[in-house]
Every structure is written in C-alpha cells, then in structure tokens.
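Examining the three-dimensional arrangement
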Amino acid sequence: MSVKLIEQDLANAEEFIQSYLEENKVSTRVIISKINESVENITKHVKNWGNISCFEVNKAVLRERKKKQAQIIIPTIQTKTIENITARLQDTIQTRTKTRGIDRIDIKDRKIQKLIHHFGCFGLEELNGRLIFCSESRLKMKYFRSSTIIIVSINAPNVSKFSYVATNGKNIYYTSPLGKSVTCCDFQGAVQWTFNDENVMKNPLGISLANDNFVFVISDDSVILISPCGKQHRTLLCLSDGLYDPQALYYDKTRDMLLVAQKKEKAFLYKIDRFR
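The structure displayed is predicted, hence computed values, not measured ones. (Residues numbered from 1 in each chain as written. Predicted model: local features only at pLDDT ≥ 70, side-chain atom pairs only at ≥ 80, totals over all residues. Heavy atoms only, no water.)

1. Structural notes on the overall build of the chain
Stated formally: In this description a helix means any DSSP run of H or I spanning at least four residues, a strand means any run of E spanning at least two, and both kinds are numbered starting from the N terminus. Here the term buried applies to any residue with accessible area under 20% of the maximum for its type, exposed to any over 50%, and partly exposed to those in between, with areas from a 1.4 Å probe on protein chains only. Whether two residues are in contact is decided by their heavy atoms, any of which lying within 4.5 Å being enough. Every accessible area reported is derived by Shrake-Rupley at a probe size of 1.4 Å, with residue values counting cover from the shown protein chains alone.
Secondary structure assignment for the chain yields four helices and 18 strands. Among the 276 residues that make up the chain, the fraction classed as buried is 29%. For the chain, the proportion of contacts with a sequence separation of at least 24, taken over those separated by at least 6, is 43%. Accessible surface, the chain as shown: approximately 20300 Å² in total, 51% of it carbon and sulfur.

Listed below in structure tokens is the structure:
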C-alpha cells in the first residue's frame, strides 16, 4: 500500500516539474550590456558635469518670500462693505438746552464738575489726555506737561471753528461746513483723503469713527456713512427716521452704539449692526 502511495507522489512531482520545464520557468536568463562608443567619448569632450556654489541670502529677501508664500497660502478674508452696515433705534432720550459751553462730567456720579463758558469751537476729541479741537483756521492739540499747558497747531486745509473733529490715534478726521467736505489728515496735517461731494455734504457737522474706521458724519437732517478710504458713502439715517436738525454724534466703540443728538429736545441711540 505504501509503495503505491510513493509511486503516486513521484508521478505528481514529475508532472509538476515537467510543467515548469515546458513553460521555461526554470530557465536562466543572461543580461549583457554594451556601452555606446559615443558615450565613452563624452569624457574626452566634457571637462566637468557642473558646479555647486554657496551664497548668503539677505533676511529681507527671505521675509519677502515668506510674505509672498503667505499671500498664496492664506485665503483672502472678505471684509465688511459699506452696504452691510445698518442702524437700529434702541432709545430716544429727552434733552434740554443749556448755556453754551463745555460740561466736564464725572461719569461715576454723573455730576458736572466744571462748565467752560464761551469756548470758541464746536468739535473736540480727547486722545490719551490730549484735547484735539478746531479753532479759527487751525487744528489744535492741547495737553499738559509738568503743570504747563501746551498747545500745538496742526496746519490743515478747510478748518474753521465750526469744524467737528475725530481721531483714531493715527489720523485726524474733521468736517468743514464752509468747504462742504470731510477731510482725513495725519498729525502733521498731510491730507490722506477728502470727501467733498456737495450733493451729500451740504452742511457737515458732527463726526465720529467706528473701530474699523468707517466714518459717521451729520449732514443736514441725515447721518452719512463714509468708507475708511473716503471713496464710498451712503445715507445711513435721514429725516424719515425722525432726525431733525441733528448737530453732534458719538460712536461707542465698545458696544457698537451710535448716539445722535439734535439741536433741541431729543437724542437717539442706535445699535450698529454689520452683516456679511
């Protein structure tokens, strides 16, 4: 019985080996290479295959490259446009007419500390303890140094004592009722832009800035919104919204609230919304 099994195994093995031989699976392959004579002659004509050099790159160049790479990699963030800004009325405040001048009020107890009578300007702005205002034909900055009052004049065009002023710490923005314009200049008086569309700026008065440097300006019975570049504008509020003879406004940057005060009786508080 065992002999027959061995014979069967041998037959199977023989058949398996025969199939490999027939299919050339156990053949030996020999690879022969021959180099072209023209390639062998390259060394006679080519003296070198190139060179490697080392040089220093200026840091400014690296920064510029990184900046360009960042511009390519980082997607552009869409900024809010002038059309996305709206105003919602929050409150109407009754006001009363007082003697012409400036009240200095303690915001903690809301009491008047001092009334400055007959102050010869309409608009003023406080910046880090410095008072910026328009007087006669100049922008002026008033501050204290070692108990001494220092007044610095800033030469800028179309300034009068009727001008209102605002600042973001980098530039000064002021209105010109006589020039029917709004001007943005730096603290040396160099003009950055001027918006002087007489159909819009009929009698510009109060002015204030938002965090993103959108400009709010009173013109006649309207509040005009001007883009940070001074090239775009639109009417944000008008007579149909209840405004009548508005004089001054203030933008609360911490709460995005706009306070608009009329010459008599009323002031309006608006919530400024920005939609994408």
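2. With respect to the sheet that holds strand E14 (residues 222-226)
Definition in use: Pairing between two strands requires that DSSP report at least two bridges joining them. Lines fitted to C-alpha atoms define the axes here, with helix axes fitted over just the stretch in contact, and angles between the N-to-C directions of these axes take values from 0 to 180 degrees.
Ordered by their spatial adjacency, four strands build an open sheet running E12-E13-E14-E15, and the pairing between neighbours is antiparallel. Each edge of the open sheet is held by one strand with a lone partner, namely strand E12 (204-209) and strand E15 (233-237). Between one strand axis and the next, the sheet turns through 30 degrees on average, direction left out of account.

3. Regarding the pattern of salt bridges
Threshold: Here, a salt bridge means any side-chain nitrogen of Lys or Arg that lies within 4 Å of a carboxyl oxygen of Asp or Glu.
Tallying each qualifying case throughout the model produces four salt bridges. A salt bridge links aspartate 212 to arginine 274; its shortest N-O distance comes to 3.0 Å. Here the residue aspartate 212 occupies a position in the loop between E12 and strand E13 (215-219), and arginine 274 occupies one in strand E18 (residues 266-274), the gap between them amounting to 62 residues. For aspartate 212, a relative accessible area of 30% puts it in the partly exposed group. Between aspartate 256 and arginine 274 there is a salt bridge, with the nearest N and O atoms lying 3.8 Å from each other.

4. Things to note about the pairing of strand E4 (residues 124-127)
The pairing of E4 with strand E5 (residues 130-135) spans four bridges and is antiparallel. When the bridges of E5 are listed, leucine 127 appears paired with arginine 130. Here E4 folds back onto E5, and the loop between the two strands holds two residues, one of which, asparagine 128, carries a positive phi near 50 degrees.

5. Looking at the sheet that holds strand E1 (residues 85-94)
Within a sheet, adjacent strands bond to each other through the backbone by hydrogen bonds, running parallel or antiparallel. Read from one edge to the other, the open sheet built from four strands follows the order E1-E18-E17-E16, with strand pairing classed as antiparallel. The outermost strands of the open sheet, each flanked by one partner alone, are E1 and strand E16 (246-252). Averaged over neighbouring strand pairs, the angle between their axes works out to 25 degrees when direction is ignored. Pairing of strand E17 (residues 257-262) with E18 involves five bridges; the strand directions are antiparallel. Along E18, the bridge assignment pairs valine 260 with phenylalanine 268.

6. Focus: the environment of glutamate 136
Tracing the backbone through its elements, the reader meets glutamate 136 in the loop between E5 and strand E6 (138-145). For glutamate 136, a relative accessible area of 59% gives the class exposed. Spatially, the C-alpha atoms of glutamate 136 and serine 163 are 9.2 Å apart, while their sequence positions differ by 27 residues. Setting aside residues no more than four positions away along its own chain, glutamate 136 makes contact with Val159, Ser160 and Lys161.

7. Here's the deal with a nonpolar patch on the surface
Basically, it comes down to this: Candidates for patches are residues over 30% relative accessible area with no salt bridge; among them, like charges are joined within 9 Å and nonpolar side chains (Val, Leu, Ile, Met, Phe, Trp, Tyr) within 5 Å.
Side chains of Ile93, Tyr250 and Leu259 sit close together on the surface and give an oily, nonpolar patch of about 270 Å² of accessible area. For tyrosine 250, a relative accessible area of 52% translates into the label exposed.

8. Observations concerning the nonpolar core
To be explicit about the condition: We call a set of buried Ala, Val, Leu, Ile, Met, Phe, Trp, Tyr and Cys residues a nonpolar core when their side-chain atoms join them within 4.5 Å.
In this structure, Phe216, Val223 and Leu258 are the most contacted members of the largest nonpolar core, which totals 34 residues. When near neighbours in sequence (up to four residues on either side) are disregarded, valine 223 contacts Phe216, Val217, Ile218, Arg234, Thr235, Leu236, Leu237, Leu243, Leu249, Leu258 and Val260. Core analysis: the second largest hydrophobic core is formed by eleven residues, Leu139, Val159, Val165 and Ile172 among them.

9. Topic: the pairing of E16
With five of seven residues buried, E16 lies mostly within the body of the structure. In terms of strand pairing, E16 meets E17 through six bridges, oriented antiparallel. Looking across to E17, one finds that aspartate 252 is bridged to methionine 257. Two successive antiparallel strands, E16 and E17, enclose a turn made up of four residues, where aspartate 256 displays a positive phi of approximately 55 degrees.

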